[in-house]
Amino acid sequence: VKIVDPQKASYGVENPVYALSQLAQTTMRSELGKITLDKTFEERDTLNSNIVKVINQAATLWGMECLRYEIRDITPPRLISQA
């Protein structure tokens, strides 16, 4: 995360780092829901770049920029793994 406008980062949102973290998690879930489980592992780079784009749309209003996002580990629910 990079602060590009300190005034917006201070007054645009109460806790900018927490807000960005929550947005990143929500966006990741949304992007993962758009593709099949098999494709999730193959398209990790595409997922990362799509998530950064969405995050930066909101982060601009908060005076911040997301430089990169990395999905490290994807653990499917136990019932899906058993299927």
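Residues numbered from 1 in each chain as written. Predicted model: local features only at pLDDT ≥ 70, side-chain atom pairs only at ≥ 80, totals over all residues. Heavy atoms only, no water.

What to know about the overall build of the protein
Here is step 1 of the chain: Looking only at helices and strands, the protein has five helices and two strands in total.
Here is step 2 of the chain: From first element to last, N terminus to C terminus, the protein shows the α and β order β-α-α-α-α-β-α.
Here is step 3 of the chain: Compactness check: the protein gives a C-alpha radius of gyration of 15 Å against a globular reference of 12 Å for 83 residues, more than 25% above the reference.
Here is step 4 of the chain: A principal-axis box enclosing the C-alpha atoms of the protein has dimensions of 50 × 20 × 20 Å.
Here is step 5 of the chain: Across the 83 residues of the protein, 28% fall into the buried class.
Here is step 6 of the chain: The contacts in the protein between residues at least 6 apart in sequence include a share of 64% that link residues at least 24 apart.
Here is step 7 of the chain: On the protein, roughly 6100 Å² of surface is accessible, and the fraction owed to carbon and sulfur atoms is 52%.
Here is step 8 of the chain: Counting 10 positive and 10 negative side-chain charges, the protein places the centres of these two groups 2 Å from one another. (Helix = DSSP H or I, 4+ residues; strand = E, 2+ residues; numbered from the N terminus. Rg over C-alpha atoms; globule rule 2.2 N^0.38 Å. Buried < 20%, exposed > 50% of the residue type's maximum accessible area, 1.4 Å probe, protein only. Contact = heavy atoms within 4.5 Å. Areas by Shrake-Rupley, 256 points an atom, 1.4 Å probe, with all protein chains shown as cover. Lys, Arg positive; Asp, Glu negative; His and termini not counted. Charge placed at Lys NZ, Arg CZ, Asp CG, Glu CD.)

Quick look at the nonpolar core
Here is step 1 of the chain: Formed by 16 residues in total, the largest nonpolar core has its most connected members in L20, I55, Y69 and I71.
Here is step 2 of the chain: Elements with a minimum of two residues in this core: helix 2 (16-33) and helix 4 (44-59).
Here is step 3 of the chain: The dominant element in this core, judged by the number of residues it contributes, is helix 4, at five residues.
Here is step 4 of the chain: Apart from residues no more than four positions distant in its own chain, I71 is found in contact with M28, R44, L47, N48 and I51. (Core = buried A, V, L, I, M, F, W, Y, C linked by side-chain atoms within 4.5 Å.)

Section: the environment of R68
Here is step 1 of the chain: As for its placement among the helices and strands, R68 is situated in the loop between strand 2 (64-65) and helix 5 (78-82).
Here is step 2 of the chain: On the accessibility criterion, R68 (64% relative accessible area) is exposed.

A word on helix 2
Here is step 1 of the chain: Compared with an ideal rise of 1.5 Å per residue, which puts 18 residues at 26 Å, helix 2 spans 26 Å between its outermost C-alpha atoms and is within 8% of the ideal.
Here is step 2 of the chain: Taken as a whole, helix 2 has its buried residues at P16, A19, L20, A24, T27 and E31. Summarising the axial view, the buried residues of helix 2 lie within an arc of 135 degrees, below the 170-degree limit, and thus occupy one face. Away from the buried face of helix 2 by more than 90 degrees, exposed residues Y18, R29 and G33 are located.
Here is step 3 of the chain: Lining the buried residues of helix 2 we find helix 1 (6-11), helix 4 and strand 2. (Expected span 1.5 Å × (residues − 1). Arc of directions from axis to C-beta.)

A word on the confidence of the model for the protein
Here is step 1 of the chain: Taken as a whole, the protein shows an average pLDDT of 85; of its residues, 95% reach a score of 70 or greater.
Here is step 2 of the chain: Per-element confidence in the protein ranges from a low mean pLDDT of 71 for helix 5 to a high of 92 for strand 2. (pLDDT = per-residue confidence, 0-100.)

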